[in-house]
Amino acid sequence: MTNDQTRLTTPFHSHATASEIIEGVDLFGRRVVVTGGASGIGTETVRVLAAAGAEVTIATRDPAAGARIAETFADAPGIVRSAALDLADLSSVAEFVRNWRGPLDVLVANAGIMALPVRQVNAQGWEMQLATNYLGHFALAVGLYDSLRAAGRARIVIVSSGAHRDVPFDFDDPQFERRPYHPWTAYGQSKTADVLLAVGARRWAADGITANALNPGWIITNLQRHMDEATMREMGAIDENGEIIPKPYLKTLSQGAAASVLLAASPLVEGVTGRYFEDNQEAPLATPEILGGVAAHALDPDAADRLWDYGSSAIAAA
């Protein structure tokens, strides 16, 4: 688990932009996949990495939308293209892997869904938030392992959430088959799984592959599309007229993409693996006395290994 005495810090403040994070970094020759890169902080991540010279593939359920985004970056120093990927469908993940050629320097596991109001499952019977946010990305990383290893010093960047702090992974009933389904419990569990994915990937460190998770902070994007106005008002995000209430912790898209870019490209985190970042710093362990932080249950190596085996079994059975 994270030891605060060895916690990694950076010179970047909590609201630094992605462009500020990557200033002076040359990514020419580096190949990157960004899931969910056709909207929100995913698009900003694509823009900034391509501006630094990277060859970026937008992996999205809507490749036509990804292609439109790619066209807007046609003048970028790097190359941007689009490819089809539905993370909730393991056959789509397998097809993406089959079509990939050559090494892969960075995989940004950015796509996600949040707070589906009713329980839905994918073809494998996995609860949809866990299937999309965790299993699809796990299958993608495992499928691209040879390409990541071939890069020599590859990075996996996993977008999690502060919602993980209240929800340990429930190995007894992860798919809500017996316990009552709750949108936020399911979301929090999927985000705990994302952090555990980064911890479990320590087995690849000897192959030059690192993996870290992050909390991008509170940004208003399409991720909130399943939240009704009553919920948004209850959370203090909008007023009675439906207008966003300015809060000091709110971030712009560029500020929200900063931690993803930090972990994808900054030399400050070279060789760092299995950690969780927020506000552009490695997060301390969460305690009642501090805001934020990372829950101990999300850094548990035994849970990470158990989840790795669980995800591997699902892929093998698909």
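Because the structure is predicted, anything quoted here is derived from the model rather than measured.

### Section: helix α3 (residues 63–72)
Here is step 1: Listing the buried residues of α3 in full gives Ala-65, Gly-66, Ile-69 and Ala-70. Taken around the axis of α3, the buried residues stretch over an arc of 145°, which confines them to a single face. Of the exposed residues in α3, the ones pointing more than 90 degrees away from its buried face are Arg-68 and Glu-71.
Here is step 2: Where α3 is buried, its residues meet α2 (40–51), β2 (55–60) and β3 (79–84).

### Quick word on the packing of aromatic side chains
The geometry of an aromatic ring pair is captured by two quantities: the separation of the ring centres and the angle between the planes.
Here is step 1: Within this structure, the stated rule accounts for eleven aromatic pairs.
Here is step 2: Relative to Trp-100, the ring of Phe-96 lies with its centre 6.2 Å away and its plane at 20°, an arrangement referred to as stacked.
Here is step 3: Phe-96 sits in the buried class, given a relative accessible area of 6%.
Here is step 4: Looking at Trp-100, the relative accessible area reads 12%, which means it is buried.
Here is step 5: Ring centres of Trp-126 and Tyr-310 lie 5.0 Å apart, and the angle between their planes is 25°; on these two criteria the pair is classed as stacked.

### Details of the nonpolar core
Here is step 1: Formed by 51 residues in total, the largest nonpolar core has its most connected members in Phe-96, Tyr-134, Ile-156 and Trp-204.
Here is step 2: Mapped by element, the contributors of at least two residues to this core are α4 (90–99), β4 (106–109), α5 (128–143), α6 (145–151), β5 (154–159), α7 (183–200), β6 (209–215) and α11 (301–317).
Here is step 3: Grouped together as the second largest cluster of nonpolar side chains are 42 residues, Val-46, Leu-49, Ala-52 and Val-56 included.

### Brief notes about the confidence of the model for the protein chain
Here is step 1: Scored by pLDDT, the protein chain has a mean of 92; 89% of the residues are at 70 or more.
Here is step 2: Confidence over residues 223–227 falls short of pLDDT 50; this stretch has 17 contacts with residues more than four positions distant or in other chains.

### Examining the sheet that holds β4
Here is step 1: With mixed pairing, eight strands are arranged side by side in an open sheet as β3-β2-β1-β4-β5-β6-β7-β8. Here the strands that pair on one side only, and so sit at the sheet edges, are β3 and β8 (281–282).
Here is step 2: One ladder, built from three bridges, connects strand β1 (residues 31–35) with β4; its direction is parallel. From the neighbouring strand, Val-33 faces β4, where its bridge partner is Leu-107.
Here is step 3: Sitting on the sheet, α3 touches β2 and β3, and the angle it makes with β3 is about 175°.

### What about α11?
Here is step 1: For α11, spanning 17 residues, the distance from its first C-alpha to its last is 24 Å, which sits close to the expected 24 Å at 1.5 Å a residue.
Here is step 2: Buried residues of α11: Ala-303, Ala-304, Leu-307, Trp-308, Gly-311 and Ala-314, and no others. The buried side chains of α11 occupy one side of the element, clustering within an arc of 140° when seen end-on. Exposed residues lying more than 90 degrees from the buried face of α11 are Asp-302, Ala-316 and Ala-317.
Here is step 3: Buried-residue contacts for α11 involve α4, α5 and α7.
Here is step 4: Among the residues of α11, the N-terminal cap falls to Asp-300, whose side-chain oxygen and the backbone nitrogen of Asp-302 are separated by 2.9 Å.

### With respect to the packing of α2 against helix α10 (residues 258–265)
Here is step 1: The interhelical angle for the contact between α2 and α10, taken along N-to-C directions, is 40°, at an axis separation of 9 Å. Judged by the inter-axis angle, α2 sits oblique to α10. α2 and α10 meet at a crossing whose hand is right-handed. Here α2 contributes Thr-45, Val-48 and Leu-49 to the contact with α10, which in turn contributes Ser-260, Val-261, Ala-264 and Ala-265.
Here is step 2: Across the contact of α2 with α10, the residue classes break down as five nonpolar, two polar and no charged.

Conventions used here
Residues numbered from 1 in each chain as written. Predicted model: local features only at pLDDT ≥ 70, side-chain atom pairs only at ≥ 80, totals over all residues. Heavy atoms only, no water. Buried < 20%, exposed > 50% of the residue type's maximum accessible area, 1.4 Å probe, protein only. Helix = DSSP H or I, 4+ residues; strand = E, 2+ residues; numbered from the N terminus. Arc of directions from axis to C-beta. Contact = heavy atoms within 4.5 Å. Phe/Tyr/Trp six-rings, centres within 6.5 Å; stacked < 30°, edge-to-face > 60°. Core = buried A, V, L, I, M, F, W, Y, C linked by side-chain atoms within 4.5 Å. pLDDT = per-residue confidence, 0-100. Pairing = 2+ DSSP bridges. Axes fitted to C-alpha atoms, helices over the stretch in contact; angles between N-to-C directions. Expected span 1.5 Å × (residues − 1). Polar contact = N/O pair within 3.5 Å; in protein donor to acceptor, adjacent residues only side chain to side chain. Parallel < 35°, antiparallel > 145°, perpendicular 65-115°, else oblique. Left-handed = near helix turned anticlockwise from the far one by under 90°. Nonpolar A, V, L, I, M, F, W, Y, C, P; charged D, E, K, R; others polar.

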